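Fold and contact review
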Amino acid sequence: MIFNVHLDTGDLVAGTLIPYSPSETPLLRVVTQDGEMIVPMNKFNQGVLDAGAHETGFVDFELTPEIVPNLPNLGFLELYDAASGVCIYRRPPPDMAFERILRLETSMLPLRRLDQEISKKFQMYYHSAERMGRAGTVQLFNIWQRSVYISARIQINSYQHIHECGFETIILLRDPREELVERLVALQKAEQIGTHFLDEREARSLDEVVAFASTLDFTDGQSLVKGLRRLPVDVAMRLSNPLTRQLTANDPNEPARRANLSKALGHLAEAKVVGVRSRAGHFLEAVGELIGAPIPEDSIIDIPKVRTLTDALIDSRVCDYFLELDLELYQFTERALEDSVATHDI
């Protein structure tokens, strides 16, 4: 899907909505404080027809007060692709942040509360954008609005163009062993809660990991460590160094390599804000300064049981062999942040 709303003069809103399928008829869902309505495309685009991107070429729209009552005075106006539910335009809120930010999600379970708090300052916002697929995610980086917030768990090496699109990156890391525990807990419950937190491709690739996670006992740290000592090699490979792979590989199934550690550190160095969960307050303060609004400390909530189980993994070092590169990345970042705070306090 390709979309763009290039004009909003108050009494006229104009844009383009090209669906995934050339044979599909695009429809707008217009939402206002007075209700919602479905609006068809009402303008012809010869270029889109000539390019074969749509069978009829009717992919442009113009909204006027005759179509949307009281359009010039609507403070709340949102436009959605009716088929996918993706928001393609939102009238800007007062005092919005004029930033284009990608929060590179590094946790399998997304930080939804944090996303919701940050989004309050932005005109356009998209959470867990990786679930839209690569084409959909690329489209988000190319919308023209100046106030955009995107969170996505993507292979950042495959999206080098985002800096050319004016996006700054913010990244929050956590101890790799803590992330592993949370992933295994979530995947064990996948049969009950589903895999809505994963994109379709990743969900299919984790079948063996889900099967293994279902055999683990999370009652206490000793039981978990015992289960992890019989971790199959192929499952260990799927769980190995997810952060390093996310920062350096073009494909999530590509193995992490020590030679790429410098590339991973380079991506972290390029980020506007980097933080660690153990010092989440510093991260929230820095992001709050960036967007011009304080972010509540309870925007990031850790599960106490995950922390307790992590302590057992740290003491036993049972998983260190397949998290080696991620541990080096995390510990380097943690030390750098500690040095930065110490220097700031002097």
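This text goes with the structure placed above it.
For the structure given in this document, a descriptive report is provided here.

About the criteria used
- Residues numbered from 1 in each chain as written.
- Predicted model: local features only at pLDDT ≥ 70, side-chain atom pairs only at ≥ 80, totals over all residues.
- Heavy atoms only, no water.
- Salt bridge = Lys/Arg side-chain N within 4 Å of Asp/Glu carboxyl O.
- Helix = DSSP H or I, 4+ residues; strand = E, 2+ residues; numbered from the N terminus.
- Buried < 20%, exposed > 50% of the residue type's maximum accessible area, 1.4 Å probe, protein only.
- Contact = heavy atoms within 4.5 Å.
- Pairing = 2+ DSSP bridges.
- Axes fitted to C-alpha atoms, helices over the stretch in contact; angles between N-to-C directions.
- Core = buried A, V, L, I, M, F, W, Y, C linked by side-chain atoms within 4.5 Å.

Let's shift gears to the pattern of salt bridges. In the structure shown here, the tally under the stated rule is 21 salt bridges. Across the pair Glu-254 and Arg-257 runs a salt bridge whose closest N-O atoms are separated by 3.4 Å. Across the pair Arg-258 and Glu-328 runs a salt bridge, and its minimum N-O distance is 2.7 Å. Residue Arg-258 is found in the loop between α10 (242-248) and α11 (261-270), and its partner Glu-328 is found in helix α14 (residues 324-345); the two are separated by 70 residues along the sequence. Given a relative accessible area of 42%, Arg-258 falls into the partly exposed group. Residues participating in the shared-partner salt-bridge network are Arg-174, Glu-178, Glu-179, Glu-182, Arg-183, Arg-307 and Asp-311.

Turning to the environment of Ile-295, a few remarks are in order. Relative to the helices and strands, Ile-295 resides in the loop between α12 (280-291) and α13 (304-316). For Ile-295, a relative accessible area of 10% puts it in the buried group. The sequence separation of Ile-295 and Gly-281 amounts to 14 residues, and the corresponding C-alpha distance is 9.3 Å. Those residues in contact with Ile-295, other than ones at most four positions away along the chain, are Leu-114, Glu-117, Ile-118, Leu-284, Val-287 and Gly-288.

On to the sheet that holds strand β8 (residues 100-104). Here we have five strands laid out as an open sheet, ordered β9-β10-β8-β11-β12, and parallel in their pairing. Because the sheet does not close on itself, it has two edges, and the strands there are β9 (124-126) and β12 (273-276). Ignoring which end each strand starts from, the neighbouring axes of this sheet average 10° apart. The sheet contact formed by β9 and strand β10 (residues 148-152) spans three bridges and is parallel. In the sheet register, Tyr-125 faces β10, and the bridge partner there is Tyr-149.

This part is about the nonpolar core. Phe-3, Leu-28, Leu-63, Leu-79, Ile-88, Leu-102 and Ile-150 are the most contacted members of the largest nonpolar core, which has 52 residues in total. Those residues in contact with Ile-88, other than ones at most four positions away along the chain, are Phe-3, Val-5, Leu-17, Leu-28, Phe-61, Leu-79, Tyr-80, Asp-81, Met-124 and Tyr-126. With 33 residues, the next largest nonpolar core counts Val-209, Val-235, Leu-309 and Phe-322 among its residues.

Buried within helix α3 (residues 133-141) are the following residues: Gly-136, Thr-137, Gln-139, Leu-140 and Phe-141. Where α3 is buried, its residues meet β1 (2-8), β8, β9 and β10.

Let's shift gears to the sheet that holds strand β7 (residues 87-90). On the basis of which strands lie adjacent, the open sheet formed by four strands has the order β4-β3-β6-β7 and antiparallel pairing. Edge positions in the sheet fall to β4 (35-40) and β7, since each of these pairs with one other strand and no more. Sheet twist, expressed as the average angle between the axes of neighbouring strands with direction ignored, equals 20°.

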